[in-house]
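As a plain string of letters, each chain reads:
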Amino acid sequence: ERGHATLLRTIVGQQVSVAAAASMWRRLEALLGADMPPEALLAADFDALRACGLSRQKQGYVRSLCELVAAG
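The rules behind the values
Residues numbered from 1 in each chain as written. Predicted model: local features only at pLDDT ≥ 70, side-chain atom pairs only at ≥ 80, totals over all residues. Heavy atoms only, no water. Helix = DSSP H or I, 4+ residues; strand = E, 2+ residues; numbered from the N terminus. Buried < 20%, exposed > 50% of the residue type's maximum accessible area, 1.4 Å probe, protein only. Axes fitted to C-alpha atoms, helices over the stretch in contact; angles between N-to-C directions. Parallel < 35°, antiparallel > 145°, perpendicular 65-115°, else oblique. Left-handed = near helix turned anticlockwise from the far one by under 90°. Contact = heavy atoms within 4.5 Å. Nonpolar A, V, L, I, M, F, W, Y, C, P; charged D, E, K, R; others polar. Expected span 1.5 Å × (residues − 1).

Give me unusual backbone geometry: which residues, what numbers.
Positive phi, close to 60°, is recorded for Gln 15, a residue that is not glycine. Considering the arrangement of structural elements, one finds Gln 15 in the loop between helix 1 (4–13) and helix 2 (18–32). Despite not being glycine, Met 36 shows a phi value in the positive range, around 45°. Looking at the element boundaries, Met 36 is found in the loop between helix 2 and helix 3 (38–43). For Met 36, a relative accessible area of 2% puts it in the buried group.

Now the structure itself:
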């Protein structure tokens, strides 16, 4: 599927088990909504994303992706 959500899911799933990636994705959906708008992720603070399971490195990647999408 095309779109930023597919790239987000790929980043979330990098170097973790399938079960861990699915759990992190569910927490992100609960925090940001099922469509995960880039602006919602950019507005989320570090600790909220960390609670979803995103490391500092992954947060850097997903924030960069969302900044690019938001900028068009």
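I'd love a proper account of the packing of helix 1 against helix 2, names of residues and values included.
Two elements in contact, helix 1 and helix 2, have axes whose closest approach is 9 Å; the angle formed by their N-to-C orientations is 130°. The orientation of helix 1 relative to helix 2 falls into the category oblique. Crossing angle aside, the handedness with which helix 1 passes helix 2 is right-handed. Residue-level inspection shows Ala 5, Leu 8, Arg 9, Val 12 and Gly 13 of helix 1 in contact with helix 2, the latter providing Ala 21, Met 24, Trp 25 and Leu 28. Split into classes, the residues belonging to the contact of helix 1 with helix 2 amount to seven nonpolar, one polar and one charged.

Which residues make up helix 2, and what values go with them?
In an α-helix, one turn spans 3.6 residues, which is why side chains three or four residues apart end up on the same side. Taking 1.5 Å of rise per residue, the 15 residues of helix 2 would be expected to cover 21 Å, and the 21 Å separating its terminal C-alpha atoms lies within 8% of that figure. Within helix 2, burial applies to Ala 21, Ser 23, Met 24, Trp 25, Leu 28 and Leu 32. In the core, the buried residues of helix 2 are packed alongside helix 1, helix 3, helix 4 (46–51) and helix 5 (56–70). The first or second residue beyond helix 2 is Gly 33, which carries a positive phi of 100°.

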